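# Observations on the model geometry
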Amino acid sequence: MDFELSDDHAMIAATATRIADDRLRPLADRLDRGEGRPELLENLKLLAENGFMGLNVGAEYGGTEAGATGFALTVQELAQACASTAVTVSVTNMVGEVIQAVGSEDQKRTYLPKLCDGTYPSGAFCLTESGAGSDPAGMKLAARMDGNEWVLNGSKLYITSAEYAGLFIVWAVTDPDAAKGRGISCFLVEADNPGIVIGKAERKMGQTGSATNEVHFEDCRIPASAVMGAVDDGFRIAVGELAGGRIGIAALALGIGRAAMDAAKLHMLEREQFGKKLADMQGLQWMLADRETDLEAARLLLMQAAWLKDQGRPFAKEASMAKLFSSEAAQRATYTALQIHGGAGYIRDYPLERYARDARITTIYEGTSEIQRLIIARETLKAVA
Ligand SMILES: Cc1cc2nc3c(=O)[nH]c(=O)nc-3n(C[C@H](O)[C@H](O)[C@H](O)COP(=O)(O)OP(=O)(O)OC[C@H]3O[C@@H](n4cnc5c(N)ncnc54)[C@H](O)[C@@H]3O)c2cc1C
């Protein structure tokens, strides 16, 4: 067993940390206040130029081939500085992974280089609908063949990065008569398609620097070749790729929790009350010890899931465990760190309240904690059946 990072992975993490410190952290507060979109787009471009948008994509398509481990390290480092940027990077990498995994050679050659080099500022992953969240197989967005083209009609909800995405992966019903989850296909749609209408921008509790929108498909015409994988096999693709995405969200949550507790440690060493440092108060030391243990457990679960994926071994259960534990640990870490800061934790001059708001969504998107528990139980029981 080897707990050390390889030289390549250590270098990827160090580069991500440098960009996070130099470019993401100084912008995070402005993004949170709804400003700085042009700088966000510049940072996304810079991240692409440094290989962070195709971390698990083959070099022949412009990717970095850093694997799931490189992806997990990157998202964690970026999230310590700016969760809104980190989620955009996470989703864009997920889009790249789907194309790499199930796209045709032609699709890979057409789309992956533009995703990896930042020609597309980001990708978007369009699964959720108003009536289909935890149960995406209940989706209604329809795709029907008309001559040589698919025509998409319907709406997706809560789509990350939709406002600036250049490429959308869209799941739609191709056979409404098929058994649930069977007649769904996966499509690639470019943002300049006139049939895509970016709808309402959601007002959110956290990660406010990243856009989350409704996306409407109004007689959206795409060529027959825009389908990825086999027709009617899209739901299986979504389920498989969501497992990989959960590694990204586990890393994101860990990064936010880590940032919060790092701030709490510094505060404990500086702040004095009752004539002594907060760091000398045993009640606070115990809070620190519990959260540090939490975050270390989250890190180990995350690295295990990423390692399994990189080995080509089954990793769905471990990715769900990592996502469940890390996202819940991030809630505890951000609230503890806020508490350790006292009143300052609640004041916007400090990032603690932002960390708490940014962490909150991580137990919800890419499958809620309840859905992760269902997956973990199902996989566990399957192994003994
Ligand atoms: C900021 C943000 C960004 C997002 N980005 C994207 C994106 O880019 N692409 C995308 O496709 N989607 C995205 N989503 C959607 C997100 O993945 C869903 O919101 C999430 O999966 C939950 O679905 P829901 O909101 O419909 O909740 P529901 O499914 O209605 O769930 C409501 C509650 O019921 C629980 N529940 C549901 N079913 C069960 C069950 N069987 N057993 C026990 N409990 C259950 C849930 O855990 C939850 O607590 C995003 C959402 C947000 C808020």
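Rules behind the numbers
Residues numbered from 1 in each chain as written. Predicted model: local features only at pLDDT ≥ 70, side-chain atom pairs only at ≥ 80, totals over all residues. Heavy atoms only, no water. Helix = DSSP H or I, 4+ residues; strand = E, 2+ residues; numbered from the N terminus. Polar contact = N/O pair within 3.5 Å; in protein donor to acceptor, adjacent residues only side chain to side chain. Contact = heavy atoms within 4.5 Å. Near = heavy atom within 4 Å. Areas by Shrake-Rupley, 256 points an atom, 1.4 Å probe, with all protein chains shown as cover. Nonpolar A, V, L, I, M, F, W, Y, C, P; charged D, E, K, R; others polar. Core = buried A, V, L, I, M, F, W, Y, C linked by side-chain atoms within 4.5 Å. Buried < 20%, exposed > 50% of the residue type's maximum accessible area, 1.4 Å probe, protein only.

So, on to the side chain of T334. Considering the arrangement of structural elements, one finds T334 in helix 8 (residues 316-340). Reaching out from T334, the side chain makes a polar contact with the backbone oxygen of Q331 at a distance of 3.2 Å. Residues in contact with T334, not counting those within four places in the same chain, are I256, G257, A260, Y355, A356 and A359.

This brings us to the site of the ligand. Lining the immediate environment of the ligand, one finds 18 residues, of which F125, T128, S134, T368 and E370 sit closest. Within the side chain of E370, a nitrogen or oxygen atom sits 2.6 Å from an oxygen atom of the ligand. Summarising the interface, the protein chains cover 63% of the accessible area of the ligand, which totals 980 Å² for the free molecule. At the level of secondary structure, the elements contributing two or more residues to the shell around the ligand comprise strand 3 (149-160) and helix 10 (369-384). Looking at the shell around the ligand residue by residue, the classes come out as nine nonpolar, six polar and three charged.

Our focus in this paragraph is the nonpolar core. Soluble, globular proteins show a tendency: their nonpolar side chains are buried together. Grouped together as the largest cluster of nonpolar side chains are 101 residues, with contacts concentrated most on I99, F125, I169, W171, I247 and L252. No other element matches helix 6 (residues 234-270), which puts 19 residues into this core. Discounting chain neighbours no more than four positions away, the residues touching L252 are V75, A79, A83, A86, V87, Q207, T362 and Y365. Judged by nonpolar contacts, the second largest core, of 21 residues, contains A124, L152, A165 and V215.

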